[in-house]
Amino acid sequence: GALADGNALPRRLVTWMWGNGCRLEHFTPKTEGVDYALTPELAPLAAVKSDCTILSNFKNYVAGRRGHHDGMSGHWAATPFIQLDPMGAPYASKMGGMTVDQIAADMIGGTTYHKSLQIGVSKRFEGNQGPTLLTMSHRGSDTPLPMERDPQKLYDLLFMSFMPNNPDPKEPDAAQRSAALDAVMQDVQRLKKRVGKVDSSRLDAHLDSLFQLQKQLLQIPPSCDLPPKPGPLDYNMDGSEPLDEINDVMAELVKLAFSCDMTRVISFMFTGASGGQWFHELPPSAFPEYPEAMGNDYSHSDQHSISHINLPYAQAFIHKSVIVSVSNLAVLIKKLKDTVEGDSTLLDNSVIYAASDVAEGWIHSEVDFPIIIAGNAGGRLKTGVGHYRSALNESLSTIGLACLKAVADSPDDIQSWGADQGSYLGKTSTPCPAIWAG
């Protein structure tokens, strides 16, 4: 696909997660191929089913030490985590290397206003077990990138320096402002020839900031209208969070950020690994088939703790919480699908890699993760796959590599990703054959 000016449409990557797994019996389709029936936990994808591929029976080969930490490392870094002193917590680790979104950002984020964005929805996340569970996005082992969980702050980050081209001929538009900056930069370059080393490096820093400013001025296409700022969305009076409402605004901002080409890479943590999120949408009345629910209201309880209670009502609660999570993923997919770009859509030119940090929360299983791939990155990923079940426990790493090759300027720009350490094997040079179109 191409824009009216003939330029190729940008490709984009979203990594998206919900915490604490699924109930595989309610998530995994019973049959393979394109005609599979949507299971209860996939039912929210009905309107976008043809845009999604379900991958099952993939294995995390960097796993074997600590459930949620393994899962975060396997999906997003394909690299074994580094254990830390827990200092009183049950466990602690940091990511073993750069995450998939940041590798993508280095490849395709260089020309956009924001190289990448890190977004979260629930503010009830695990903050005491080291950086691995804290965020999906890491520049390296010691550089976790914080996630913005306040829609108003994300709006400000995106639009407070927004400068659409001004039709008033008396007002300088972005192109004129940029041209003025060009002249300033030429002056600085001339000045550099006449000053010493220290001053020269100061001027370099000044040039860098001018270059950034110029990039920002030129970034916003005139067709990108400034949306109204969202109202405050924080905890409800009862301490619960309006997760659906926050997610809806965040998904809208993702759509706008992509439409305006303000970024091409986003990590999106709906709920966190081992996180303490509440699902106030699931009071006892949502479980009439479980009379024990009436004396045991889980709707204002830590979902991670409930995931480890292997009793029918607790696991029914987990099952319905997965439906809430997948419904929120479907909101983002639908917004991108409904946004026309050139002769295609935002979704057509993107890939969303959505997954959870464990397969089933109650046992921290690390084979057969719930995985949903949406979009085809401008034709680089296969469509019409439906449900693919790996007969040989293929590595999670192959999925991340396929996504990276799909969004790179040229697929050959990246030949492998991940890392091995001892018996923990994350490195791969095979893009997942089930989705990679080549």
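Predicted model, so just to flag it, every value in this text is computed and none were measured.

When you look at helix α3 (residues 100-108) in this model, what are you seeing that I'm missing?
Because the α-helix completes a turn every 3.6 residues, residues three or four places apart line up on one side. Most of α3 is tucked away, with seven of its nine residues classed as buried. Restricting attention to buried positions, one finds in α3 the residues V100, D101, Q102, I103, A104, A105 and I108. Those residues of α3 that are buried lie in contact with β1 (12-18), α2 (67-76), β5 (117-120), β6 (265-269) and α11 (397-407).

What's the story with the pattern of salt bridges in this structure? I'm lost.
Oppositely charged side chains are able to pair whenever their charged atoms sit close together. Inspection of the entire model under this criterion finds 15 salt bridges. Here D261 makes a salt bridge to R264, at a shortest N to O gap of 2.7 Å. D368 is paired through a salt bridge with R389; the nearest N and O atoms lie 3.3 Å apart. A residue pair is termed long-range when its members are at least 10 positions apart, and D368 in the loop between β9 (350-356) and β10 (371-374) and R389 in strand β11 (residues 387-389) qualify at 21 residues. The class for R389 is partly exposed, based on a relative accessible area of 29%.

How do you make sense of the packing of helix α5 (residues 151-159) against helix α8 (residues 243-259) when you look at a structure like this?
Taken N-terminus to C-terminus, the directions of α5 and α8 make an angle of 10°; their axes are 10 Å apart at the nearest point. With respect to each other, α5 and α8 are oriented roughly parallel. Of the residues in α8, those touching α5 at P151, L154, Y155, L158 and F159 are I246, V249, M250, L253, L256 and A257. In the contact of α5 with α8, the residues fall into eleven nonpolar, no polar and no charged.

Honestly, the sheet that holds β6 in this entry has me stumped. Any pointers?
Backbone hydrogen bonds are what pair the strands of a sheet, in a parallel or an antiparallel way. Strands sit in the order β5-β6-β1-β9-β10-β2-β11 across an open sheet of seven strands; the sheet is mixed. Looking along the sheet, the strands with just one partner apiece sit at the ends: β5 and β11. Between one strand axis and the next, the sheet turns by 15° as a mean value, whatever way the strands run. Sheet topology places β9 next to β10; four bridges connect them, and they run antiparallel. Across the sheet, A355 pairs through a bridge with I371, a residue of β10. Across the sheet, helix α10 (residues 312-337) touches β1, β2 (52-56), β9 and β10, and the angle it forms with β1 is around 165°.

Before we go on, may I ask you to explain the nonpolar core in this structure?
Among the nonpolar cores identified, the biggest contains 61 residues, and W16, F27, L45, F268, I333, I352 and I372 are the most heavily contacted of them. The next biggest cluster of nonpolar side chains, apart from the first, holds 42 residues, and it includes L133, M136, L401 and C432.

Would you mind showing me how to read the environment of A408 here?
You can see A408 is positioned in the loop between α11 and β12 (420-421). Taking the relative accessible area as the measure of exposure, A408 reaches 1% and is therefore buried. It is 9.8 Å that separates the C-alpha atoms of A408 and L13, two residues lying 395 residues apart in sequence. Excluding residues that lie within four positions of it along the chain, A408 makes contacts with M107, I108, R380 and D413.

Looking at this model, I keep getting lost on the packing of aromatic side chains. Mind explaining?
We describe a pair of aromatic rings using the distance from one ring centre to the other and the angle between the two ring planes. Within the structure shown, the criterion is met by 13 aromatic pairs. Summarising the aromatic geometry, the rings of Y298 and F317 are spaced 5.7 Å apart at their centres and angled 75° between planes, so their arrangement reads as edge-to-face. Here Y298 is found in the loop between β6 and α9 (303-307), whereas its partner F317 is found in helix α10, with 19 residues between them in sequence. Summarising the burial analysis for this pair, Y298 and F317 share the class buried. Taken together, W16, W18, F27, F268 and F270 form an aromatic cluster joined through their ring pairs. Over the ring of Y36 we find K49, and its NZ or CZ is 4.3 Å from the ring centre.

Rules and cut-offs
Residues numbered from 1 in each chain as written. Predicted model: local features only at pLDDT ≥ 70, side-chain atom pairs only at ≥ 80, totals over all residues. Heavy atoms only, no water. Buried < 20%, exposed > 50% of the residue type's maximum accessible area, 1.4 Å probe, protein only. Helix = DSSP H or I, 4+ residues; strand = E, 2+ residues; numbered from the N terminus. Contact = heavy atoms within 4.5 Å. Salt bridge = Lys/Arg side-chain N within 4 Å of Asp/Glu carboxyl O. Axes fitted to C-alpha atoms, helices over the stretch in contact; angles between N-to-C directions. Parallel < 35°, antiparallel > 145°, perpendicular 65-115°, else oblique. Nonpolar A, V, L, I, M, F, W, Y, C, P; charged D, E, K, R; others polar. Pairing = 2+ DSSP bridges. Core = buried A, V, L, I, M, F, W, Y, C linked by side-chain atoms within 4.5 Å. Phe/Tyr/Trp six-rings, centres within 6.5 Å; stacked < 30°, edge-to-face > 60°. Lys NZ or Arg CZ within 6 Å of the ring centre and 35° of its normal.

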